[in-house]
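Listed here are the chains, written in short residue letters.
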Amino acid sequence: MLGVCYYPEHWPETIWAEDAAEMVALGLKYVRIGEFAWSRLESAPGVFHFDWLDRAIDTLAKAGLKVIMCTPTATPPKWLIDLYPDILPVDVKTGQVRGFGSRRHYDFSSENYFREAMRITSVLGERYGEHPAICGWQTDNELACHDTTHSFSASTKTAFQQWCKQHYTDIDALNTAWGNVFWSMEYQNFEQIELPYLAVTETNPSHNLAYRRFSSDQVIRFHDEMIRILRQHAPNRFITHNFIPMSDTQTDNAALAKNLDFVSYDNYPLGRTDLFFANSSTADFKRYMRTGHPDYSSYAFDQSRGISKGPFWIMEQQPGPVNWARHNPRPEAGMVRLWSWQAFAHGAATVCFFRWRQVPFAQEQMHAGLKRTDNSAATAYHEIQQLYAELAKVPDLAQQHPAAKVAIVTETSAQWVTEIERQGDSYNQQQVEFAYYSALRQLGITVDFIGQDQDLSPYTLVIAPCLPIVSQQFITNCANSKATCVFGPRSGAKTAELTLAPELGPGLIQQLIPVKVLSVETTRPDCHDALHFAGKTFQSARWREELSEHAGLTVVARYHDNTAAVVKAKQCFYIGSLSCDEFLLAFFEALAQDLAIATNKLGKDLRSVQRGNLTFVFNYGADAVKLSLPEAAKLLVGTDVINAFDVVVYQQ
Ligand code: GAL
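Residues numbered from 1 in each chain as written. Predicted model: local features only at pLDDT ≥ 70, side-chain atom pairs only at ≥ 80, totals over all residues. Heavy atoms only, no water.

Quick notes on the overall build of the protein chain
If you tally the helices and strands in the protein chain, you get 18 helices and 27 strands. For the protein chain, the C-alpha radius of gyration of 25 Å lies close to 26 Å, the compact-globule estimate for 652 residues. Along the first, second and third principal axes, the C-alpha atoms of the protein chain reach 80 × 75 × 45 Å. Long-range pairs, those at least 24 residues apart, make up 70% of the contacts in the protein chain with a sequence separation of at least 6. When the accessible surface of the protein chain is split by element, carbon and sulfur atoms take 51% of a total near 25700 Å². When the 57 positive and 71 negative side-chain charges of the protein chain are each reduced to one mean point, those points stand 4 Å apart. (Helix = DSSP H or I, 4+ residues; strand = E, 2+ residues; numbered from the N terminus. Rg over C-alpha atoms; globule rule 2.2 N^0.38 Å. Contact = heavy atoms within 4.5 Å. Areas by Shrake-Rupley, 256 points an atom, 1.4 Å probe, with all protein chains shown as cover. Lys, Arg positive; Asp, Glu negative; His and termini not counted. Charge placed at Lys NZ, Arg CZ, Asp CG, Glu CD.)

Following this line, the structure appears as structure tokens:
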């Protein structure tokens, strides 16, 4: 249930056994190793050094730990780069080579790297695939982190041209699909196709979308081949990958996860809050500076659960200040325990902490560990002792499953469309989706994330906050389902090639609700208009659609000028505006009541979630709160007064 990331190559061998014994005493079961160790494993082509790794694995196993082995492909060594310089990726913003000296310095389209990465994977697989101490494998490390999905290299260009040829077959079909007659962009053959970067001004959105689909396919090709090799050598071992936030992979996450046994997520709530909420007001930002936003981590947990075959893991949990965000605050005392509990509450099977001991050298010397460099225990260490003791008080979590009545439909292409075609600076698909999710979570509603092709039968409410490209299959599923469907602005507005839907927005959604988007305006976030709903006034800003009004459509909310903002027909709602968070809360609260979906609204900083017959409550705020628990509730962790940054678990 608990584990840690460890780097035997960073520490003298004389302390490995002590470290391992202490990990076990702390309640840790798993230890992840090896993801950056290539230079120590192969010092020159074919010159391998496995002796130290053999001894490290033995030491950890002897102490009773299970080992998760990684492929070391996130850090190709210097000799390999010197041998094949085309491994290095090229920055799409500058056209400059991204050099050696950090990590992830490889291009997914370099055939030399593809071959070398699979070679080292085979070598490790052959040696350790059936090692009794190794329970599973992690592929690479945080694929796509540091913006490495896209590259401007010559090998990328050639591979993209081949991809286009496969997809469009005929150059005229590509010219038509992309609308290349505009600005004389037509190509005569596939070998002329450029990468959509470093042009004078914006490049064609359809070209951009094709490039993103191609880039995503390249990551998946690399990853799938690695999984295939590991499966050959490591039977009966799990294979997972540690994901960064789904918004940052620039890859189709569901496709990336498809061949894994389960998804792992690396949870850094403070670093991520610093980046994701960079534009929030000072007061809002400060409120969650040392806790992370109450819904940010669970957003990632629920997304991970959505694309994972088995229960997901946290492979890296932030243990204290990190070193890589714009600012790196210290978590409030108790938060490492809270985040870990929250992961379990949302369906995690295991939480591993990053890292065992803070390292005194190199890039991450300012990044906390469970232990300080002088080997003393850092704050999180004591929180893990507490967490381990508490975990023994709850029934086997593997028997308790999160069960949602509400689903958010999501897809990576939605993010791509909003990034490629900005239209208004303050529209960002991830922020829109998060605002919807956060409203539902404030109501205590459990949310599943699903793809367009998934079965809708478990759900009472299906929400697509932003889905510019909808499939006919999804619309048919909605039409055949009993669920109420809610579509956010921009949904259905585009064809699969990122051109305007011929029947106007919301495109195919008109089969469910006869509304047309007549025009769109975008505004500054601080220039809002009134939005009237259910006798109250809210705000609309950033994105506003002009909606048609007909018989058969009920207007649910109106703008200041009395035009329709939210419309409804039968079981389907269409929202034509980006609104304030308060509107989303009021709208979904009313809808949940109509649909008899249970809610548990505890206030701005409190969240509750169900896993099977367990209810978990989290307090992200600085004040203690008295909870009114159901009569049948049996408290397992905490009391009915939840302290600041604390956790309560009860069964009923
Ligand atoms: C993760 C990464 C780790 C380490 C950590 C620091 O993104 O996988 O290797 O760099 O961040 O927070």
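Looking at the site of the ligand
Surveying the vicinity of the ligand reveals the residues Phe36, Arg103, Asn141, Glu142, Asp266, Tyr268, Glu316, Trp324, Phe354, Glu364 and His367. Between an oxygen atom of the ligand and a side-chain N or O atom of Arg103, the distance comes to 2.9 Å. Look at the ligand: alone it shows 310 Å² of surface, and the protein chains cover 97% of it. Looking at side-chain class alone, the shell around the ligand contains four nonpolar, two polar and five charged residues. (Near = heavy atom within 4 Å. Polar contact = N/O pair within 3.5 Å; in protein donor to acceptor, adjacent residues only side chain to side chain. Nonpolar A, V, L, I, M, F, W, Y, C, P; charged D, E, K, R; others polar.)

With respect to the pairing of strand S22 (residues 606–611)
Counting buried positions along S22 yields five of six residues, so the element is predominantly enclosed. Relative to strand S23 (residues 614–619), S22 runs antiparallel, the two being bridged by six bridges. From the neighbouring strand, Ser608 faces S23, where its bridge partner is Val617. Between S22 and the antiparallel strand that follows it, S23, lie two residues; Gly612 among them carries a positive phi value of about 60 degrees. (Buried < 20%, exposed > 50% of the residue type's maximum accessible area, 1.4 Å probe, protein only. Pairing = 2+ DSSP bridges.)

Concerning a nonpolar patch on the surface
A grouping of Val181, Phe182 and Trp183 is seen on the molecular surface, where their side chains present a nonpolar patch of about 380 Å² in accessible area. Along the chain, Trp183 turns up in the loop between helix H7 (171–178) and helix H8 (205–233). Owing to a relative accessible area of 53%, Trp183 belongs among the exposed residues under this scheme. (Patch = residues over 30% accessible without salt bridge, like charges linked within 9 Å, V, L, I, M, F, W, Y side chains within 5 Å. Salt bridge = Lys/Arg side-chain N within 4 Å of Asp/Glu carboxyl O.)

Overview of the nonpolar core
Judged by nonpolar contacts, the single largest core of 138 residues is most densely connected at Phe222, Trp341, Phe353, Phe583, Phe587 and Phe588. Counting 29 residues, the second-largest nonpolar core is a separate cluster that includes Leu467, Phe487, Leu512 and Ala564. (Core = buried A, V, L, I, M, F, W, Y, C linked by side-chain atoms within 4.5 Å.)

As for the pairing of strand S12 (residues 447–450)
Of the two faces of S12, the one carrying Val447 and Phe449 and the one carrying Asp448 and Ile450 are both buried. One ladder, built from four bridges, connects strand S11 (residues 406–409) with S12; its direction is parallel. Looking at the pairing, Ala407 lines up with Asp448 of S12.

Describing the sheet that holds strand S7 (residues 238–243)
Reading around the circumference, S1-S2-S5-S6-S7-S8-S9-S10 is the order of the eight strands in this closed barrel, with parallel pairing throughout. Adjacent strand axes in the sheet meet at a mean angle of 25 degrees when their direction is disregarded. Sheet analysis places strand S1 (residues 2–5) next to strand S2 (residues 30–33), joined by three bridges and oriented parallel. Within S2, the position partnered with Gly3 by the bridge is Tyr30. Sheet strands touched by helix H12 (residues 296–307): S7, strand S8 (262–267) and strand S9 (313–317). Its angle to S8, the strand with the most contacts, is close to 165 degrees. Packed onto the sheet, helix H14 (residues 379–391) meets S1 and strand S10 (350–353) and runs at close to 150 degrees relative to S1. (Axes fitted to C-alpha atoms, helices over the stretch in contact; angles between N-to-C directions.)

With respect to the pattern of salt bridges
Per the counting criterion, the structure on display carries 36 salt bridges. Among the salt bridges present, the one from Arg337 reaches Asp646, with a minimum N-O distance of 2.8 Å. Linking Arg337 in helix H13 (residues 335–345) with Asp646 in the loop between strand S26 (641–642) and strand S27 (647–651), this pair joins segments that are 309 residues apart in sequence. By the burial criterion, Arg337 is buried, and Asp646 matches it.

Here's the deal with the packing of aromatic side chains
Geometry of an aromatic ring pair is reported as the spacing of the ring centres plus the angle between the planes. Considering all chains together, one arrives at 51 aromatic pairs under this definition. Judged by centre distance (6.2 Å) and plane angle (20 degrees), the ring pair of Phe160 and Trp163 falls under stacked. Taken together, the positions of Phe160 and Trp163, both in helix H6 (residues 154–168) and three residues apart, correspond to about one turn of that helix. Assessed through its relative accessible area of 8%, Trp163 is described here as buried. Centroid distance Phe238 to Phe262: 4.9 Å. Interplanar angle 50 degrees. Geometry classified as tilted. Linking Phe238 in strand S7 with Phe262 in strand S8, this pair joins segments that are 24 residues apart in sequence. Take Phe238 and Phe262: they sit in the same class, and that class is buried. Chaining the aromatic ring pairs together yields one cluster made of Phe276, Phe277, Tyr296, Tyr299, Phe434, Tyr437 and Phe449. (Phe/Tyr/Trp six-rings, centres within 6.5 Å; stacked < 30°, edge-to-face > 60°.)

Topic: the side chain of Gln303
By secondary structure assignment, the location of Gln303 is in helix H12. Not counting the four nearest positions on each side in its chain, Gln303 is found in contact with Met246, Gln430, Glu433 and Phe449.

Some remarks on the domain arrangement of the protein chain
The domains assigned to the protein chain are domain 1 (1–153 + 220–255), domain 2 (406–594) and domain 3 (606–651). The C-alpha centroid of domain 3 is placed 32 Å from the C-alpha centroid of domain 2. Counting from both sides, the interface comprises four residues of domain 2 and, opposite them, four residues of domain 3. Its largest share of buried area at the contact with domain 3, domain 2 owes to Arg441, Gln442 and Thr446, together 82% of the area lost on that side. In this structure, the connection of domain 2 to domain 3 is made through zero salt bridges. A class-by-class count of the residues in the side of domain 2 that touches domain 3 yields no nonpolar, three polar and one charged. (Domains from an automatic or database assignment. Buried area = accessible area lost by both parts, 1.4 Å probe.)

Things to note about the state of the cysteines
For the structure shown, the criterion picks out zero disulfides. The closest cysteine sulfur to the non-disulfide-bonded Cys478 is located on Cys485, 3.8 Å from its own sulfur. Overall, the relative accessible area of 4% leaves Cys478 in the buried class. Left without a disulfide partner, Cys572 is nearest to the cysteine sulfur of Cys485, which lies 5.8 Å away. (Disulfide = S-S within 2.5 Å.)

So, the sheet that holds strand S25 (residues 634–637)
Strand order in the open sheet formed by four strands is S22-S23-S27-S25, with antiparallel pairing between adjacent strands. Every interior strand has two partners, whereas the edge strands, S22 and S25, have only one. Geometrically, the sheet is characterised by an average inter-axis angle of 25 degrees between neighbouring strands, direction not taken into account.

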